[in-house]
Amino acid sequence: MARTKSSFVCQSCGAVYPRWTGKCEACDAWNSIVEETVEAAPIGGGKRSGGGGSGKALDFVSLKGTSEERPRLTSGIAELDRVLGGGLVDGSATLIGGDPGIGKSTLLLQAAAALSAQARVAYISGEEAIDQIRMRASRLAVSDAGVDLASATSVRDILASLDRPDGPRIAIIDSIQTMYVDLIDSAPGTVGQVRASAQELIRVAKRRGIALLLVGHVTKEGAIAGPRVLEHMVDTVLYFEGERGHPFRILRGVKNRFGPTDEIGVFDMTERGLEEVKNPSALFLADRQDGVAGAAVFAGIEGSRPMLVEIQALVAPSAYGTPRRAVVGWDSNRLAMLLAVLEARGGLDLSGRDVYLNVAGGLRIGEPAADLAVAAAIVSSLTGVPVTGSTVLFGEVGLSGEVRAVGRPDARLKEAAKLGFHHAIAPKGRGAKDARNGSEMTVTAVADVGALIRRLEAAADGPIRILDADARR
């Protein structure tokens, strides 16, 4: 008889404990540890893996050699293919995470319909019934696509359908948290079930050359639910981002063994499903108003794509003893650092004022090059002096107040020139030199945040002053 043993596993990070505790010491999550029962090997049955016995010697080869490039299946959805690195690779495993209702199933159903014209596609749902998926397909106008549809949660049954010579070339599992392996005595969605289900599906996909796409739920913190080891098991990890109040959706690649990371694809959620956005910069700047204090245009790079986005800041007197700092779409810790630099190096008084920062359009920015645009928006809101509407900014701000050069200034300015911008404020030195070589735009080089403030003074035709509450009214 096989014996069973219990272990206590954190459902957020996968850490294992011998007994239950209220807090996970690995990820600091509270009440995330759940008891799971695992089946041990039969007593006295067989040899332990890696212990005793004779193994087969490995055939080592040199690093130098020729390898054929794996063929890719293009979905026809250019934004999705861009994030994947050119399309799906046979035998690859892709994990797609995102908030509930963000559009993961919609995107995959559209991709399945487009891919069905090139290869056999199986769409297996563990969350929705067949009729629900058919209703979505009818709304998306893809009902006539040759997609094999099924509703199942048993990994054993799914493997029996995939692991065959006439099996599908592409398999979509929606979602991995609903799948279960009957050899594990725990509920679907637990760490043990998620890990075992993904491992079995990936093993068959690698052997049969099936392009596997797994849908994963996310936690309140935005990470894919289940152990982090799940992200290490797959070849590609994509996150579907977006605010419910905005129609824009961002598909971001955070890991890709067959293409670039940090690439993004932009979609517009409509009644007919997700539509590609060919020019994201124009879309994010469509509702921008000129002559408004507290707004600045940032010329950024997302993956390999230059992108312009509006940074909005509001500085207001605080009604409480502790001023509030609220951020949407940017790092709150970096905002706190930048405010300290503006006070210590720029001579501005922000200690008793609330600061609100927003990246328009629902986009999340992670690169340090946005520091200069954020600083300009804060100074503009604090002083009431608008940043010229035809100006873009980029540059990293250090703790001593210096503005440092960033990568690919020529691509940033070419994108800005294409959208009608004529002037840029960029870092002094190599960044400004490269910027001039890459575009005919007028570039003002700034060495520190003090130079930025003086530049705004020049635009205001005189010394700028900090507005009080009465002046703002």
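Residues numbered from 1 in each chain as written. Predicted model: local features only at pLDDT ≥ 70, side-chain atom pairs only at ≥ 80, totals over all residues. Heavy atoms only, no water.

(A) Molecular detail of the overall build of the protein chain. Of regular secondary structure, the protein chain possesses 13 helices and 23 strands. Looking at the 473 residues of the protein chain, the share that counts as buried comes to 49%. Considering only residue pairs separated by 6 or more positions, the protein chain has 68% of its internal contacts joining residues 24 or more positions apart. Accessible area of the protein chain: about 23,200 Å², with a carbon and sulfur share of 49%. (Helix = DSSP H or I, 4+ residues; strand = E, 2+ residues; numbered from the N terminus. Buried < 20%, exposed > 50% of the residue type's maximum accessible area, 1.4 Å probe, protein only. Contact = heavy atoms within 4.5 Å. Areas by Shrake-Rupley, 256 points an atom, 1.4 Å probe, with all protein chains shown as cover.)

(B) Looking closely at the nonpolar core. Counting residues in each nonpolar core, the largest one holds 62 residues, and the members touching the most others are F298, I311, W330, I365, I378, V392 and L393. With nine residues, the single largest contributor to this core is helix α9 (residues 371–383). Those residues in contact with I378 that lie beyond four places of it in its chain are A313, V315, L335, L339, L342 and L350. Formed by 30 residues, the second largest nonpolar core is a distinct cluster that contains L80, A112, L140 and L238. (Core = buried A, V, L, I, M, F, W, Y, C linked by side-chain atoms within 4.5 Å.)

(C) Looking closely at the sheet that holds strand β12 (residues 248–256). Pairing in this open sheet of nine strands is mixed, and the strands run β8-β7-β9-β10-β6-β11-β12-β13-β14 from one edge to the other. Strand pairing shows two members of the sheet lacking a second neighbour, β8 (147–151) and β14 (273–276), which therefore form its edges. Pairwise comparison of adjacent strand axes, ignoring direction, gives a mean angle of 25° for this sheet. Taken together, the five bridges between strand β6 (residues 93–98) and strand β10 (residues 211–216) define a ladder with parallel strand orientation. Within the sheet, the bridge partner assigned to T94 lies in β10 and is L213. Across the face of the sheet, helix α3 (residues 130–139) comes into contact with β7 (121–125), β8 and β14 while running at roughly 145° to β8. (Pairing = 2+ DSSP bridges. Axes fitted to C-alpha atoms, helices over the stretch in contact; angles between N-to-C directions.)

(D) Representation of the packing of aromatic side chains. For the structure shown, the criterion picks out two aromatic pairs. Each ring, one from F240 and one from F267, has its centre 6.2 Å from the other, and the planes form 70°; the classification is edge-to-face. Within this pair, whereas F240 is found in strand β11 (residues 236–241), its partner F267 is found in strand β13 (residues 264–270), the two being separated by 27 residues in sequence. Residue F267 is classed as buried on the basis of its relative accessible area, which comes to 1%. On the numbers, 5.5 Å between centres and 85° between planes, the contact of F248 with F284 is edge-to-face. A residue pair is termed long-range when its members are at least 10 positions apart, and F248 in strand β12 and F284 in helix α7 (residues 280–284) qualify at 36 residues. (Phe/Tyr/Trp six-rings, centres within 6.5 Å; stacked < 30°, edge-to-face > 60°.)

(E) Region of interest: α3. Looking only at α3, the buried set comprises I133, R136 and A137. Taken down its axis, α3 places every buried residue within 100° of arc, on the same side. Looking at α3, the residues exposed on the side facing more than 90 degrees away from the buried face are D131, R134, M135 and S138. Taken from the residues just after α3, A141 is the one with a positive phi, measuring 60°. (Arc of directions from axis to C-beta.)

(F) Structural detail: the pairing of strand β18 (residues 353–359). The buried fraction of β18 is high, at five of seven residues. Where strand β16 (residues 305–317) meets β18, seven bridges bridge the pair, whose relative direction is antiparallel. Residue pairing for β18: I311 is matched across the bridge by V359. Across four bridges, strand β17 (residues 325–328) lies against β18 in parallel orientation. Within β18, the residue paired with A326 across the bridge is Y356. Tracing the backbone out of β17, into helix α8 (residues 332–344) and back to the parallel element β18 gives a crossover that is left-handed. (Right-handed = clockwise from strand over helix to strand, strands pointing away.)

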